[in-house]
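Here are the chains, one letter per residue:
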Amino acid sequence: MAQTNISHLMVLSLFLCLAFSPVYSFYLNPNFYEQSCPKAEEIVRSVVAKAVQKETRMAASLLRLHFHDCFVQGCDASLLLDNSRNIRSEKQSNANRNSARGFEVIDDIKSALEKACPQTVSCADVLALAARDSTVLAGGPNWAVPLGRRDSKTASLSGSNRNIPQPNNTFQTILTKFKVQGLNIVDLVALSGSHTVGNARCTSFRQRLYNQSGKGQADYTLQQVYANQLRSRCPRSGGDNNLFSMDLVSPAKFDNYYYKNILASKGLFNSDQVLLTKDESSMDLVKQYAENNNLFFEHFAQSMVKMGNLSPLTGSNGEIRKNCRRINSGY
């Protein structure tokens, strides 16, 4: 309970500071639906809780959807749009194809909200709330979610391919992708901590297990016993969709073991391990979070609020979709 109160106070303070930030819209407010849909957060929380109870992995999937949405055109629910006559869905990008999931849960949330408050709560806000609720259900920090986003009428497949960090990107490439969004190195290292929950497919980290010489030697930054365990279910070819926990110690719990794993050379992705090996500031943060779970939680909550406010559509921009998969004017 004490941790929850600290998180709320910290984020409310952050809200005031960010209100005048260039990446923040003053129109967003945690109390945005207080009059128009007072039970909005309760409805979202209830549907998310049922989905996570049914499948623990769903918490990580819903958190990931918010991240992958915000890095393309801002937090506007463009990721949720299906292919149509005028839209090439971001679901088909390299970062999302065969891996982004949880869309049915978002549909269920939207359906429940439409019954309670027709065409009032945006799909973009649903993603932000579901990400927060998923984090809390997994044992992570709580925070007040600024609300009032509206939904885009467009999607950007090219933007999704270009902007979302990839598991095999270099440290500098990942940092640049964050900076382009107005996020800094603290945001990068803190938000990477979301990899403390969820699974990854063999195809997303195979390059670390087999070098180009054909000798099957793992990346030198990957602990060898761990690498051998991974190879047993992630062969040189085949098994692309075999799933592996991103945090081998506590895969269903949101905690700081992700950083402890990196220190032990057991970061699953190259993009995880480079946080320790390629930059002194990043390495410092990894060590701090590994030692101090409360600090990680505090920074993660701050960075989630900051990321959740990237270029939101507000006022008369965009729309409030009736169905998150398509714009209101149809196909």
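Residues numbered from 1 in each chain as written. Predicted model: local features only at pLDDT ≥ 70, side-chain atom pairs only at ≥ 80, totals over all residues. Heavy atoms only, no water.

A. View of the packing of aromatic side chains. Per the counting criterion, the structure on display carries 15 aromatic pairs. Centre to centre, the rings of Phe67 and Phe178 are 6.2 Å apart; their planes meet at 50°, and the pair counts as tilted. In this pair, Phe67 sits in helix α3 (residues 58-70) while Phe178 sits in helix α7 (residues 171-180), placing the two residues 111 residues apart along the sequence. Given a relative accessible area of 18%, Phe67 falls into the buried group. A residue is classified by how much of its surface remains accessible, and Phe178, at 3% relative accessible area, is buried. With centroids separated by 5.9 Å and ring planes inclined at 45°, the aromatic side chains of Tyr289 and Phe296 adopt a geometry described as tilted. In this structure Phe296 comes out as buried when scored by relative accessible area, which is 0%. Cluster of aromatic residues (ring-pair linked, three or more members): Trp143, Phe254, Tyr258, Tyr259, Tyr289, Phe296, Phe297 and Phe300. Here the guanidinium or amino end of Lys91 rests over the ring plane of Phe103, the centre of that ring lying 4.3 Å away. (Phe/Tyr/Trp six-rings, centres within 6.5 Å; stacked < 30°, edge-to-face > 60°. Helix = DSSP H or I, 4+ residues; strand = E, 2+ residues; numbered from the N terminus. Buried < 20%, exposed > 50% of the residue type's maximum accessible area, 1.4 Å probe, protein only. Lys NZ or Arg CZ within 6 Å of the ring centre and 35° of its normal.)

B. Local environment of the layout of surface pockets. Considered as a void within the structure, the largest pocket measures approximately 970 Å³ in volume. Every residue lining the largest pocket is counted, 39 residues in all, and those nearest its centre are Arg64, His68, Pro167, His195 and Phe269. Where the lining of the largest pocket is concerned, the elements lending two or more residues are α3, α7, α8 (185-192) and β1 (199-201). Take the lining of the largest pocket: its biggest share by element is six residues, from α3. Each residue belonging to the lining of the largest pocket can be placed in one class, and the counts come to 18 nonpolar, 16 polar and five charged. Of the pockets and cavities examined, the second largest pocket occupies roughly 170 Å³. Residues that form the lining of the second largest pocket fall into these classes: eight nonpolar, one polar and three charged. (1 Å grid on protein atoms, 1.4 Å probe; cavity = no way out; pocket = protein on both sides within 12 Å on 5 of 7 lines; lining within 4 Å. Points joined across faces, edges and corners; volume = space filled by probe spheres on them. Nonpolar A, V, L, I, M, F, W, Y, C, P; charged D, E, K, R; others polar.)

C. Spotlight on empty space enclosed by the protein. Taken as a whole, this structure holds two cavities of 30 Å³ or more when the rule is applied. Taken as a whole, the largest cavity spans an internal volume of roughly 50 Å³. Taken together, His66, Ala128, Trp143, Val145, Pro146, Arg149, Met304, Val305 and Gly308 form the lining of the largest cavity. When residues of the lining of the largest cavity are assigned to their parent elements, the largest contribution, three residues, is made by helix α13 (residues 293-308). Here the lining of the largest cavity is composed, by residue class, of six nonpolar, two polar and one charged.

D. The UniProt feature "binding site: Ca(2+) 2" (unreviewed entry) in the protein chain, seen in detail. Feature annotation in UniProt places "binding site: Ca(2+) 2" (unreviewed entry) on Thr196, Asp247 and Asp255, given in this structure's numbering. For the residues just named, distributed over 60 residues, the greatest C-alpha separation is only 9.6 Å, placing them together at one site. With residues up to four places along the chain from it excluded, the contact list for Thr196 reads Asp247, Ser250, Pro251, Lys253, Phe254, Asp255, Tyr257 and Tyr258. Among the structural elements, Asp255 can be located in the loop between β2 (243-245) and α10 (257-263). In this structure Asp255 comes out as buried when scored by relative accessible area, which is 7%. (UniProt positions renumbered as here; feature names shortened; annotations may be inferred. Contact = heavy atoms within 4.5 Å.)

E. Highlighting the packing of helix α2 (residues 40-54) against helix α5 (residues 123-137). Contact geometry for α2 and α5: axes closest at 9 Å, N-to-C directions at 50°. For the element pair α2 / α5, the angle class is oblique. Between α2 and α5 lies a crossing of right-handed hand. Along the contact surface, α2 presents Glu41, Val44, Arg45, Val48, Ala49 and Val52, while α5 presents Leu129, Ala130, Arg132, Asp133, Ser134 and Leu137. Partitioning the contact of α2 with α5 into residue classes produces seven nonpolar, one polar and four charged. (Axes fitted to C-alpha atoms, helices over the stretch in contact; angles between N-to-C directions. Parallel < 35°, antiparallel > 145°, perpendicular 65-115°, else oblique. Left-handed = near helix turned anticlockwise from the far one by under 90°.)

F. A look at the UniProt feature "binding site: Ca(2+) 1" (unreviewed entry) in the protein chain. Listed under "binding site: Ca(2+) 1" (unreviewed entry) in the UniProt record, and renumbered for this structure, are Asp69, Val72, Gly74, Asp76, Ser78 and Glu90. Spatially, the listed residues are clustered: although they cover 22 residues, their C-alpha atoms lie within 13.1 Å of one another. Secondary-structure assignment places Val72 in the loop between α3 and α4 (103-116). Since its relative accessible area comes to 1%, Val72 is described here as buried. Apart from residues no more than four positions distant in its own chain, Val72 is found in contact with Ser78, Glu90, Ser156, Gly159, Ser160, Asn163 and Ile164. Within the secondary structure, Gly74 sits in the loop between α3 and α4. On the basis of relative accessibility, which here comes to 4%, the residue Gly74 falls in the buried class. Leaving out residues up to four positions away in the same chain, Gly74 has contacts with Asp69, Leu310 and Ser311.

G. Inspection of the nonpolar core at higher detail. With 77 residues, the main nonpolar core has Ile106, Ile109, Leu113 and Met307 as its most contacted residues. Filtering out sequence-adjacent residues up to four positions away, Ile106 remains in contact with Leu62, Leu65, Leu80, Val126, Leu127, Ala130 and Cys324. If you look at the next biggest cluster of nonpolar residues, it comprises 14 residues, including Cys202, Leu230, Phe244 and Phe269. (Core = buried A, V, L, I, M, F, W, Y, C linked by side-chain atoms within 4.5 Å.)

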